[in-house]
Amino acid sequence: MPRSKGDHEARRHDVSAAVWQVMAARGFAGLTLRAVAAELGATTGLLTHYFPTKRALVAYALDLLEERTLSRPRRRAGDGLAALRDAILDILPLTSEATVSNRIWVSSWDNALADPALSTDYARRYAEGRDRMVKRVIAAQEAGELPPGEPTDLATGAQAFALGLVVQALFDPAAFPPGRQVELLDDYLAGLSAGLRPTSGPDPSASRG
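Read on for an overview of the structure. Just so it is clear, the model here is predicted, and its values are computed rather than measured.

Per the secondary structure count, the chain includes nine helices and zero strands. Taken over 209 residues, the chain has a buried fraction of 37%. Partitioning the intrachain contacts of the chain with sequence separation of at least 6 by distance along the chain shows that 64% fall at a separation of at least 24.

See below:
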């Protein structure tokens, strides 16, 4: 009896779950057809129906990772600067789920840097992330919460801050627990907002006779 479309989708769902489990346990470097087949309890021959090459498996894994990352519940504490803060909090490894996702992303960078097509795709993903931050930066500037300036530059800096903190927290979680990450983020945002505050200086009347 031929398999129905529902059977095919169910099997594809099982394959997706196996790919995710392998990446979560072994990182991107451990993602192989054999490892996925073992997780699935199937043969590598069956998997070649879905992934004829290792690169096809890698491309699928990256799409799956992006899909799972974007589908996670997002914080929505407000608009403007609060929304920018939420966007960065959503990136940081503050939960076990976010930690797993970030470990996979970081471990996938080596593959992406070695493959021009994947590098281009990663550049697109990060550019889209910056574009989403730009909108929040503009809203914060319009609300008077951030100083005027090129919003793309502020968004680029915010993204760089977030990614840098992600790497430090992954390599040294004891030094960067969730609470410490939030403290550093709030200090960073306070520094951005400080451009709005007038600097103190000498009293002009002091020189008057």
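More follows now that the structure is in view.
With that settled, consider the packing of helix α4 (residues 54-71) against helix α6 (residues 96-114). Axis angle and axis distance: for two packed helices, these are the angle between their axes and the distance between the axes, and together they describe the pair. Running from N to C, α4 and α6 cross one another at 145 degrees; their axes reach a closest spacing of 11 Å. The interaxial crossing formed by α4 with α6 has left-handed handedness. On α6, the residues touching Leu62, Leu65, Glu66 and Thr69 of α4 are Ser101, Ile104, Trp105 and Ser108. For the contact of α4 with α6, a count of residues per class yields four nonpolar, three polar and one charged.

Now for helix α7 (residues 116-142). Compared with the 39 Å implied by 1.5 Å per residue over 27 residues, the 39 Å span of α7 between its first and last C-alpha is a close match. What α7 keeps buried is the set Leu118, Tyr122, Arg125, Gly129, Met133, Val134, Val137, Ala140 and Gln141. If you follow the buried residues of α7, they end up packed against α4, α5 (81-91), α6 and α8 (151-171). For α7, the capping residue at the N-terminal end is aspartate 115, with a side-chain oxygen 2.9 Å from the backbone nitrogen of alanine 117.

With that settled, the discussion passes to the side chain of serine 108. The residue serine 108 is located in helix α6 in this model. Exposure remark for serine 108: the relative accessible area of 1% places this residue in the buried category.

The interhelical angle for the contact between α8 and helix α9 (residues 178-193), taken along N-to-C directions, is 160 degrees, at an axis separation of 11 Å. It follows from the interaxial angle that α8 and α9 lie roughly antiparallel. Read as a crossing pair, α8 and α9 show a hand that is right-handed. Along the contact surface, α8 presents Leu154, Gly157, Ala158, Phe161, Leu165 and Ala169, while α9 presents Gln181, Leu184, Leu185, Tyr188 and Leu192. Among the residues forming the contact of α8 with α9, the class breakdown is nine nonpolar, two polar and no charged.

Glancing now at the packing of aromatic side chains. Taken as a whole and assessed by the stated rule, the structure comprises five aromatic pairs. Their ring planes at 45 degrees and their centres at 6.4 Å tell us that tyrosine 50 and phenylalanine 51 sit as a pair that is tilted. For the residue pair tyrosine 50 and phenylalanine 51, the accessibility class agrees, reading buried in each case. When the ring of tyrosine 122 is compared with that of tyrosine 126, the centres are 6.3 Å apart and the planes differ by 65 degrees; the resulting orientation is edge-to-face. Of this pair, tyrosine 122 and tyrosine 126 both sit in helix α7, separated by four residues, roughly a single helical turn. When its relative accessible area of 5% is taken as the criterion, tyrosine 122 is described as buried. Classification of tyrosine 126 as partly exposed rests on a relative accessible area of 25%. In this structure an aromatic cluster arises from ring pairing among Tyr50, Phe51 and Tyr60.

Within the fold, leucine 40 resides in helix α2 (residues 33-40). Residue classification places leucine 40 among the buried residues on the basis of a relative accessible area of 18%. Residues leucine 40 and valine 15, 25 residues apart in the sequence, show an inter-C-alpha distance of 6.8 Å. Sequence-distant contacts of leucine 40, that is, excluding residues within four places in its chain, are made with Arg11, Asp14, Val15, Ala18, Leu46 and Leu47.

Definitions and limits used
- Residues numbered from 1 in each chain as written.
- Predicted model: local features only at pLDDT ≥ 70, side-chain atom pairs only at ≥ 80, totals over all residues.
- Heavy atoms only, no water.
- Helix = DSSP H or I, 4+ residues; strand = E, 2+ residues; numbered from the N terminus.
- Buried < 20%, exposed > 50% of the residue type's maximum accessible area, 1.4 Å probe, protein only.
- Contact = heavy atoms within 4.5 Å.
- Axes fitted to C-alpha atoms, helices over the stretch in contact; angles between N-to-C directions.
- Left-handed = near helix turned anticlockwise from the far one by under 90°.
- Nonpolar A, V, L, I, M, F, W, Y, C, P; charged D, E, K, R; others polar.
- Expected span 1.5 Å × (residues − 1).
- Polar contact = N/O pair within 3.5 Å; in protein donor to acceptor, adjacent residues only side chain to side chain.
- Parallel < 35°, antiparallel > 145°, perpendicular 65-115°, else oblique.
- Phe/Tyr/Trp six-rings, centres within 6.5 Å; stacked < 30°, edge-to-face > 60°.

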